[in-house]
Amino acid sequence: MTTSTRGAARVPAVLVLEDGRIFRGRAYGAVGETFGEAVFSTGMTGYQETLTDPSYDRQIVVATAPQIGNTGWNDEDDESSRIWVSGYVVRDPARVPSNWRAKRSLDDELVAQGVVGISGIDTRALTRHLRERGSMRAGVFSGEAIAPEAELLERVQAQPRMKGLSLYEEVAAKEAYVVPAIGEKRFTVAAIDLGIKGMTPHRMAERGIEVHVLPATATADDIYAVAPDGVFFSNGPGDPATADGPVALMTAVLERRTPLFGICFGNQILGRALGFGTYKLKYGHRGINQPVQDRTTGKVEVTAHNHGFAVDAPLDQVSETTFGRAEVSHVCLNDNVVEGLQLLDQPAFSVQYHPEAAAGPHDAAYLFDRFVSLMEGQRA
């Protein structure tokens, strides 16, 4: 990606999809060019958390809500140390942010971090196109980066596809760090960072858990050096079929029967460790309004999602695995995609969505309590 941080308000921009569909608008954020997989997110709020979610690495995110940027940008809501999206696509950017916590505008932050975007296009038409044709490679070009359409299309089509990409090490922390328990310490958890969001260890810390966040390259010896009561595998970007290292690491944890919890990429890793396959969804689930049923209670939750891959496991039967019986614990009510797994003979479970869910909803926060219960049971 090449960028310039010149003012972009009146600079022309063009979005080019790999199938030749082109949208023309105005530059938003930095001026230049960027490439990634075009995906859409249906959340009406929480764009700051979306943009700083490491799971969006190498993706150009399309906001389906028509107006974006109303609440500006603050210094508290980042989910990581930087914006990870490759590009940002909006219809109607707010001209003036209006929120008491805002320190600057969204546009200013995109410029400061060199994120190329486009505004003023029909994002409803673009979303319908991606729903019908599927997520695909794309490029955003603005200012001097604009060239003849055939040349831009050729450059987009030369980019790697998301399927087959290994990205989790690209976004994970390079060094271990500790998030202390809030109040009395009750448990110690080793969290494998595959692209972890900052709110996740915070939610555990609220429950008296001291979280040792370990890099994606951690070994089983690194995990058990902190004497964990439980082990957590985080969300992250890329194709889970490439994540042989994390799968081997999770297998080592399962062999020791340590209480285990996985989110998103962590759910896919658990699926692979249990012998299930994974596959790429046509256009994925991204947003904060996705209905999921917890089959253990029958309750339907409104949940936050960000995933383009899913686990291929049977919905209607208990499966026999190397680690005992396993079943699908959660399912998406829109399309019956597997949204959670649990082992019945040892303390391990995972979900495909985000129970930490900043900026909401909070229907699934109980899953952290379920993890606590597993650790209590193992200790007893």
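Fair warning: this is a prediction, and the values are worked out from it, not measured in the lab. Residue positions are given per chain, counting from 1 as you read along its sequence in written order. With the structure being a predicted model, the display of local features is reserved for residues of pLDDT at least 70 and the display and counting of side-chain atom pairs for 80 or more, all residues being used for whole-chain, interface and lining totals. Calculated side-chain values reflect all of the structure's heavy atoms, with hydrogen atoms and water omitted.

J.: Would you take a moment to explain the pattern of salt bridges for this structure?
T.: Where charged atoms from two side chains of opposite charge approach closely, those side chains can pair. In the sections that follow, a salt bridge refers to a side-chain nitrogen of Lys or Arg positioned within 4 Å of a carboxyl oxygen of Asp or Glu. Taken as a whole and judged by the stated rule, the model has 21 salt bridges. Glu 33 is paired through a salt bridge with Arg 155; the nearest N and O atoms lie 2.2 Å apart. Residue Glu 33 is found in strand 4 (residues 31–41), and its partner Arg 155 is found in helix 4 (residues 149–157); the two are separated by 122 residues along the sequence. For Arg 155, a relative accessible area of 26% gives the class partly exposed. Two residues, Glu 170 and Arg 58, come together in a salt bridge whose shortest N-O distance is 2.8 Å. A run of H or I in DSSP counts as a helix once it spans at least four residues, and a run of E counts as a strand once it spans at least two, with each numbered from the N terminus. Relative accessibility decides the category of a residue: with a 1.4 Å probe and only protein chains considered, values under 20% of the type maximum give buried, values over 50% give exposed, and everything between is partly exposed.

J.: Looking at this structure, how should I read helix 3 (residues 123–133)?
T.: Because the α-helix completes a turn every 3.6 residues, residues three or four places apart line up on one side. Where helix 3 is concerned, the buried positions are Thr 123, Leu 126, Thr 127, His 129 and Leu 130. For helix 3, the angular spread of buried residues about the axis comes to 160 degrees, placing them on one side. Of the exposed residues in helix 3, the ones pointing more than 90 degrees away from its buried face are Arg 124, Arg 128 and Glu 132. N or O atoms within 3.5 Å of each other form a polar contact, as long as, within protein, one can give a hydrogen and the other can take it, and as long as residues adjacent in sequence are counted only when both atoms are side-chain atoms. Where helix 3 begins, the side chain of Asp 122 points an oxygen toward the backbone nitrogen of Arg 124, at a separation of 3.2 Å. Phi turns positive one or two residues past the end of helix 3, at Gly 134, with a value near 95 degrees. Note that the arc is defined by the directions from the helix axis to the C-beta atoms.

J.: Which parts of the structure should I look at to understand the pairing of strand 13 (residues 209–214)?
T.: In regular strands, side chains alternate between the two faces of the sheet. Counted residue by residue, strand 13 has five buried out of six residues, so it is predominantly covered. One requirement defines pairing of two strands: DSSP has to find at least two bridges between them. Both strand 11 (residues 177–179) and strand 13 contribute to a ladder of three bridges, which runs antiparallel. Counted as the bridge partner of Val 179 is Val 211 from strand 13. Pairing geometry for strand 12 (residues 187–192) and strand 13, over six bridges, is parallel. Note that in strand 13 the partner of Phe 187 across the bridge is Ile 209. You can see the chain leave strand 12, run along helix 6 (residues 199–205) and come back into strand 13, and the turn it takes is right-handed. Seen with the strands pointing away from the viewer, any crossover whose path from the first strand over the helix to the second strand runs clockwise is right-handed.

J.: Please clarify how the UniProt feature "active site" (unreviewed entry) in the protein chain should be interpreted in this entry.
T.: In the numbering used here, UniProt assigns the "active site" (unreviewed entry) feature to Cys 264, His 354 and Glu 356. A maximum C-alpha distance of 11.4 Å places the annotated residues, which cover 93 residues in sequence, within one compact spot. With respect to the secondary-structure elements, Cys 264 resides in the loop between strand 15 (260–263) and helix 9 (265–273). In this structure, Cys 264 is in contact with Asn 235, Asn 306, His 307, Val 351, Gln 352, Tyr 353 and His 354, ignoring residues within four places of it in sequence. Considering the arrangement of structural elements, one finds Glu 356 in the loop between strand 21 (348–351) and helix 10 (366–379). Residues are treated as being in contact if the distance between any of their heavy atoms lies within 4.5 Å. For Glu 356, the residues in contact, after removing those within four places along its chain, are Lys 197, Met 199, Thr 200, Arg 203, Ile 263 and Phe 368. A distance of 2.8 Å separates the side chain of Glu 356 from the side chain of Lys 197, its partner in a polar contact. UniProt positions are given in the numbering used here, feature names are shortened, and annotations may be inferred rather than shown by experiment.

J.: Is there a simple way to think about the domain arrangement of the protein chain in this case?
T.: Many structure descriptions define interface size as the accessible area lost when the parts assemble. These domain limits were set by an automatic method or by a database of domain assignments. Under the domain assignment, the protein chain is made up of domain 1 (12–157) and domain 2 (168–379). Spacing between the C-alpha centres of domain 1 and domain 2 amounts to 28 Å. On the domain 2 side, the residues contacting the 24 residues of domain 1 number 22 residues. Our count for the contact surface shared by domain 1 and domain 2 stands at two salt bridges. For the pair domain 1 and domain 2, the interface holds 14 residue pairs in polar contact (both at pLDDT 80 or more). Within the residue set of the side of domain 1 that touches domain 2, elements represented by two or more residues are strand 4 and helix 3. Along the lines of polarity and charge, the residues of the side of domain 1 that touches domain 2 split into six nonpolar, nine polar and nine charged. When residues are grouped by polarity, Ala, Val, Leu, Ile, Met, Phe, Trp, Tyr, Cys and Pro land in nonpolar, Asp, Glu, Lys and Arg in charged, and all others, Gly among them, in polar.

J.: Teacher, can you tell me more about the UniProt feature "binding site: L-glutamine" (unreviewed entry) in the protein chain here?
T.: When the UniProt feature table is mapped to this numbering, "binding site: L-glutamine" (unreviewed entry) covers Ser 55, Gly 236, Gly 238, Phe 265, Gln 268, Asn 306, Gly 308 and Phe 309. A stretch of 255 residues holds the annotated residues, and the largest C-alpha distance among them is 13.3 Å, short enough that they meet in one place. Examined against the element boundaries, Ser 55 turns out to sit in the loop between helix 1 (47–51) and strand 5 (59–63). Under the relative-accessibility criterion, Ser 55 is labelled buried at 6%. Beyond its immediate chain neighbours, meaning those up to four positions away, Ser 55 contacts Asn 235, Gly 236, Pro 237 and Asn 306. With respect to the helices, strands and loops of the structure, Gly 236 is situated in the loop between strand 14 (230–233) and helix 8 (244–255). Here Gly 236 falls in the buried class, since its relative accessible area comes to 10%. Aside from chain neighbours lying at most four places away, what touches Gly 236 is Ser 55, Leu 194, Gly 195 and Phe 265.

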